[in-house]
There are 2 protein chains.
Amino acid sequence: MRLLLISNSTGPDGGYLDHCADQMVEFIGAGSRVVFVPFAGMDEEAYGTSTVERLNRMGLSASWADRSRDPLVGLVDADAVFVGGGNTFVLLDRLIATGMLDAISERVHGGMTYVGASAGSNVAGPTIKTTNDMPIVEPPTFASFGFIPFQLNPHYIDRDPDSNHQGETREQRLTEYLACNDVPVVALREGAILVVDDGSMTLSGRAGARLYRRGGEVEEIGVGTNLDGLPEYSK
Amino acid sequence: MRLLLISNSTGPDGGYLDHCADQMVEFIGAGSRVVFVPFAGMDEEAYGTSTVERLNRMGLSASWADRSRDPLVGLVDADAVFVGGGNTFVLLDRLIATGMLDAISERVHGGMTYVGASAGSNVAGPTIKTTNDMPIVEPPTFASFGFIPFQLNPHYIDRDPDSNHQGETREQRLTEYLACNDVPVVALREGAILVVDDGSMTLSGRAGARLYRRGGEVEEIGVGTNLDGLPEYSK
């Protein structure tokens, strides 16, 4: 399988896909046909149109999956699919309702490249149980693509020692996830990118990640780390 | 109906229930029998035991609902139920699995006092779609008590202008909720308490709230505001 799983689509300077554009083009291949899936967004047409413009500007040949027509049609001869960020519950609900969950899954298992950012990375795991998003719609299930056998937590944020807010820290939330589920979580800091390329997995990008496992200490994963040794990672 | 819906159970000084203890006792009535529901917590026995101790110290006669025995038994002659904070998905899942959702609902509609904090306040609304919590378990439905005809968002936090984090602000999340659902949201800042007392609704506590409505400006609700005029509020 070929997966590029990006923590966040907007860089610290606010530019859309700027921090990962070069890597996306290198991974997908210049000139390749890519279908953008804007289902996680509230205004899909604006999101689809602007992202297609951005992808074309990178030198890709982009289109977007339009739910008002047949969103499956562009997938047939696509080299890659790019599932964008937004709300993970809305995304999964629409992926299921359109049949895109099964269609994309089949193509990716057949070799098509999958690129996800934020919510689009969340759904690459077995479930959406480690999303940070608000459950504003109720999908029929939390089960998602399951391209990787562990959960992702994008936009991972370390505890702010100066905060007085009484809500849980991300670390507390993921620890509670592990109390209820014996499935590891790779928490991607903003800037981090997980690359799966035909049997090899590497942490890439500009920031590290943390590996949460039931019963174990949280492990830091630095940029450039090869993760093939992760016991839960089966090719 | 009699509802005391508290945004957060831990005050800014870190004391458990300190900021709302006097109001809880006044609302429930000194010496009254109250059943604490610890289902939102990870260690229910520790949570149940320590909260019972805290409630007794307030001058209430407390017990806790133990899922390892029959959690329904204490409810029969209780004057009030107190549903504590933690993870809202875990709470709703356990309320449904034990039959407590229906049992508490029936008693509250019959006049029993309901006190909720954080997750316990979330479930007082029609659904848990405006919780801030991570969906670490998958409940069979998002539908909750529906004691009030609008959503609550506890631990409401205003936008931090100094933050570089690319995740959504709470305001963005609630605006997206409204794009998908035409149900108003009362967002309770930490310290805020919503009081429903036999046909009258008031914002109480130490901090204000914000009212989010589809197609309208967000409205500030100050402490002491009578909310009977809220069109969506039916007695």
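Once that is clear, we can look at the interface of chain A and chain B. In this assembly, 41 residues from chain A lie in contact with 41 residues from chain B. Both faces considered, chain A and chain B share a buried interface measuring about 3100 Å² in area, 60% of it formed by carbon and sulfur atoms. Taken together, the connections running from chain A to chain B amount to zero salt bridges. On inspection of chain A and its partner chain B, the count reaches six residue pairs in polar contact (both at pLDDT 80 or more). Those elements that place two or more of their residues in the side of chain A that touches chain B are helix H3 (88-98), strand S6 (151-156) and helix H6 (170-180) of chain A. The dominant element in the side of chain A that touches chain B, judged by the number of residues it contributes, is H6(A), at seven residues. Class assignment for the residues of the side of chain A that touches chain B results in 17 nonpolar, 16 polar and eight charged.

Bringing the relation of the copies chain A and chain B into the picture now. Its rotation angle being 180°, the transformation that places chain A on chain B also includes 0.0 Å of axial translation and leaves an RMSD of 0.0 Å. Interpreted geometrically, this transformation is the action of a two-fold axis.

When we look at burial in H6(A), the residues that qualify are A:Arg170, A:Arg173, A:Leu174, A:Glu176, A:Tyr177 and A:Leu178. Along its buried surface, H6(A) packs onto S6, strand S7 (185-189) and strand S10 (209-212) of chain A.

Residue and element names in this part refer to chain A. For strand S5 (residues 113-117), the tally of buried residues reaches five of five residues, placing the bulk of the element in the interior. Across four bridges, strand S1 (residues 2-6) lies against S5 in parallel orientation. Bridged to Leu 4 within S5 is Val 115. Relative to S5, strand S4 (residues 80-83) is paired through four bridges, and the arrangement is parallel. By the bridge assignment, Val 81 is partnered in S5 with Tyr 114.

This paragraph deals with the packing of aromatic side chains. Throughout the structure, instances matching the rule amount to 17 aromatic pairs over all chains. Here B:Tyr156 and B:Tyr212 contribute two aromatic rings whose centre-to-centre distance is 6.1 Å and whose plane-to-plane angle is 55°, an arrangement assigned as tilted. With B:Tyr156 in strand S6 (residues 151-156) and B:Tyr212 in strand S10 (residues 209-212), this residue pair connects regions lying 56 residues apart in the sequence. Here the two residues B:Tyr156 and B:Tyr212 agree in accessibility, since each one is buried. One aromatic cluster is present, formed by A:Phe89, A:Phe142, B:Phe89 and B:Phe142 through successive ring pairs. The side chain of A:Arg2 reaches across the aromatic face of A:Phe27, ending 4.0 Å from its centre.

All names here are of chain A. A sheet is described by the order of its strands in space; here four strands give the open sequence S6-S7-S10-S11, paired in mixed fashion. Every interior strand has two partners, whereas the edge strands, S6 and strand S11 (219-221), have only one. Averaged over all pairs of adjacent strands, the angle between strand axes in this sheet comes to 25°, irrespective of strand direction. Summarising the sheet, S7 and S10 pair through four bridges and their orientation is antiparallel. Bridge assignment links Val 186 to a residue of S10, and that residue is Leu 211. In this fold H6 packs onto S6, S7 and S10, with an angle of close to 170° to the strand it touches most, S6.

Rules and cut-offs
- Residues numbered from 1 in each chain as written.
- Chains lettered and ligands numbered in written order.
- Predicted model: local features only at pLDDT ≥ 70, side-chain atom pairs only at ≥ 80, totals over all residues.
- Heavy atoms only, no water.
- Contact = heavy atoms within 4.5 Å.
- Buried area = accessible area lost by both parts, 1.4 Å probe.
- Salt bridge = Lys/Arg side-chain N within 4 Å of Asp/Glu carboxyl O.
- Polar contact = N/O pair within 3.5 Å; in protein donor to acceptor, adjacent residues only side chain to side chain.
- Helix = DSSP H or I, 4+ residues; strand = E, 2+ residues; numbered from the N terminus.
- Nonpolar A, V, L, I, M, F, W, Y, C, P; charged D, E, K, R; others polar.
- Least-squares fit on C-alpha atoms with pLDDT ≥ 70 in both.
- Buried < 20%, exposed > 50% of the residue type's maximum accessible area, 1.4 Å probe, protein only.
- Pairing = 2+ DSSP bridges.
- Phe/Tyr/Trp six-rings, centres within 6.5 Å; stacked < 30°, edge-to-face > 60°.
- Lys NZ or Arg CZ within 6 Å of the ring centre and 35° of its normal.
- Axes fitted to C-alpha atoms, helices over the stretch in contact; angles between N-to-C directions.

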